[in-house]
Amino acid sequence: MPTATPTATPTQVPPTATPTPTPAPPTATPTRPVATARAGPRLPTTERVIALTFDCGADRGYAEQILDELAGRGIQATFGMTGAWARANPDLVARMLREGHVLVNHSDTHPSFTGYSTGSAALSPEERVSEIRAAEEAVASVSGSLETMRPFFRPPYGDYDDALLELLPQLGYDFLLLWTIDSLGWRGIPPEDIVQRVSAAAEPGTIVLLHVGAQSTDALALPGLLDTLEAAGYRFVTVRDIL
């Protein structure tokens, strides 16, 4: 009987591993920087100059007396103007422009854009645009130009957020105008306290916040304030002179 020849077991060759491709890193999509308004509580200067800024948002108040005092000294100032005030006092708007003062957009009806100071809801983007546009249109009805108050915007109550800083340049406003020192005249403090408070804070580039309204004592303090600051070697400029 023939001997069976064993059949060789074939060697198992492992399959060749298919290498897993390394994914290419995602290509970064370049992003354009978002233009934002500059927020300025002080003028960028080393000169001994001060900007007097008067907010006009409530009533006619002492605006005429303030303008008379400034005119008598040959001083130009900056006025934060609401649309509501401009519609109620077109004669004073015209006088301010005629006498070389600078007007700044202060919204139409003076709401807090963020709600911080009033405990209210923040304005929507559409409401913010409406407030800014309505104010410039009110002044343009006197000046004849929508550019009159650009590029300066003063936020009511000083309230602002990143969204407002991004919105403003889209509307032609590149500078958010704040202040260095608040006179607190709107609280009705004595005029002599205003003079002391503001003069103590004065330094080159100071922006002073004042108000024209009847509740404010700023108009009563103005002659003494101007005398004190001039005696200290300061001269007065508008924000447009420096910025």
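Predicted model, so just to flag it, every value in this text is computed and none were measured.

1. Describing the pattern of salt bridges
Turning to step 1, where the next piece is worked out: Tallied over the entire structure, the rule returns 15 salt bridges.
Turning to step 2, where the next piece is worked out: Close ionic contact of Glu 230 with Arg 73 constitutes a salt bridge, the shortest N to O distance being 3.3 Å. Pair noted here: Glu 230 is in helix 7 (residues 218-231) and Arg 73 is in helix 1 (residues 63-73), with a separation of 157 residues, a long-range link.
Turning to step 3, where the next piece is worked out: Under the relative-accessibility criterion, Glu 230 is labelled partly exposed at 36%.
Turning to step 4, where the next piece is worked out: When its relative accessible area of 28% is taken as the criterion, Arg 73 is described as partly exposed.

2. Looking at unusual backbone geometry
Turning to step 1, where the next piece is worked out: Residues Arg 150 and Pro 151 are joined by a peptide bond in cis, for which omega reads 10°.
Turning to step 2, where the next piece is worked out: As for its position among the elements, Pro 151 is in the loop between helix 4 (125-143) and strand 5 (152-153).
Turning to step 3, where the next piece is worked out: Positive phi is not limited to glycine here, since Tyr 157 has a value of about 65°.
Turning to step 4, where the next piece is worked out: Residue position: Tyr 157 is located in the loop between strand 5 and helix 5 (162-167).
Turning to step 5, where the next piece is worked out: The class of Tyr 157 is partly exposed, set by a relative accessible area of 41%.
Turning to step 6, where the next piece is worked out: Even without being glycine, Leu 184 reaches a positive phi, approximately 65°.

3. Description of the pairing of strand 4 (residues 102-105)
Turning to step 1, where the next piece is worked out: Judged by which residues are buried, strand 4 turns out to be covered on both faces: Val 102 and Val 104 on one side and Leu 103 and Asn 105 on the other are all buried.
Turning to step 2, where the next piece is worked out: Where strand 3 (residues 78-81) meets strand 4, four bridges bridge the pair, whose relative direction is parallel. If you follow Met 81 over to strand 4, its bridge partner there is Asn 105.

4. Remarks on the confidence of the model for the protein chain
Turning to step 1, where the next piece is worked out: When pLDDT is averaged across the protein chain, the result is 89; 86% of the residues are at 70 or more.
Turning to step 2, where the next piece is worked out: Confidence over residues 1-32 falls short of pLDDT 50; this stretch has zero contacts with residues more than four positions distant or in other chains.

5. Section: the nonpolar core
Turning to step 1, where the next piece is worked out: One finds Leu 52, Phe 54, Leu 70, Phe 79, Met 81 and Trp 85 to be the most contacted residues of the largest nonpolar core, which totals 53 residues.
Turning to step 2, where the next piece is worked out: Examining the composition of this core, we find that six residues originate from one element, helix 7, more than from any other.
Turning to step 3, where the next piece is worked out: With residues up to four places along the chain from it excluded, the contact list for Trp 85 reads Cys 56, Gly 57, Ala 58, Asp 59, Arg 60, Ala 63, Leu 92, Val 93, Met 96 and Val 212.
Turning to step 4, where the next piece is worked out: Ala 51, Val 102, Leu 177 and Val 237 belong to the second largest nonpolar core, which has eleven residues in total.

6. Examining the packing of helix 6 (residues 191-201) against helix 7
Turning to step 1, where the next piece is worked out: Relative orientation of the contacting elements helix 6 and helix 7 amounts to 40°, with a least axis distance of 8 Å. Taken together, the axes of helix 6 and helix 7 lie oblique to each other. When the axes of helix 6 and helix 7 are compared, the crossing they make is right-handed. Of the residues in helix 7, those in contact with Pro 191, Ile 194, Val 195, Val 198 and Ser 199 of helix 6 are Asp 218, Leu 220, Ala 221, Gly 224, Leu 225, Thr 228 and Leu 229.

7. Some thoughts on the environment of Leu 67
Turning to step 1, where the next piece is worked out: Turning to its location among the elements, Leu 67 is positioned in helix 1.
Turning to step 2, where the next piece is worked out: Along the primary structure Leu 67 and Glu 99 are separated by 32 residues, whereas in three dimensions their C-alpha atoms are 8.8 Å apart.
Turning to step 3, where the next piece is worked out: Residues within four places of Leu 67 in sequence aside, it is in contact with Phe 79, Leu 92, Arg 95, Met 96, Glu 99 and His 101.

8. Points about the packing of helix 1 against helix 3 (residues 90-98)
Turning to step 1, where the next piece is worked out: Interhelical geometry of helix 1 versus helix 3 gives an angle of 15° and a closest axis separation of 11 Å. The orientation of helix 1 with respect to helix 3, classified from their angle, is roughly parallel. The element helix 1 and its partner helix 3 pack so that their crossing is left-handed. When helix 1 is examined against helix 3, the residues Ala 63, Glu 64, Leu 67, Asp 68 and Ala 71 are found in contact with a partner set consisting of Leu 92, Arg 95 and Met 96.
Turning to step 2, where the next piece is worked out: Tallied by class, residues from the contact of helix 1 with helix 3 come to five nonpolar, no polar and three charged.

9. Section: the environment of Arg 98
Turning to step 1, where the next piece is worked out: Secondary-structure assignment places Arg 98 in helix 3.
Turning to step 2, where the next piece is worked out: The exposed category is assigned to Arg 98, whose relative accessible area is 63%.
Turning to step 3, where the next piece is worked out: Distance from Arg 98 to Ser 143, taken between C-alpha atoms, is 9.7 Å for residues 45 residues apart in sequence.

Definitions and limits used
Residues numbered from 1 in each chain as written. Predicted model: local features only at pLDDT ≥ 70, side-chain atom pairs only at ≥ 80, totals over all residues. Heavy atoms only, no water. Salt bridge = Lys/Arg side-chain N within 4 Å of Asp/Glu carboxyl O. Helix = DSSP H or I, 4+ residues; strand = E, 2+ residues; numbered from the N terminus. Buried < 20%, exposed > 50% of the residue type's maximum accessible area, 1.4 Å probe, protein only. Pairing = 2+ DSSP bridges. pLDDT = per-residue confidence, 0-100. Contact = heavy atoms within 4.5 Å. Core = buried A, V, L, I, M, F, W, Y, C linked by side-chain atoms within 4.5 Å. Axes fitted to C-alpha atoms, helices over the stretch in contact; angles between N-to-C directions. Parallel < 35°, antiparallel > 145°, perpendicular 65-115°, else oblique. Left-handed = near helix turned anticlockwise from the far one by under 90°. Nonpolar A, V, L, I, M, F, W, Y, C, P; charged D, E, K, R; others polar.

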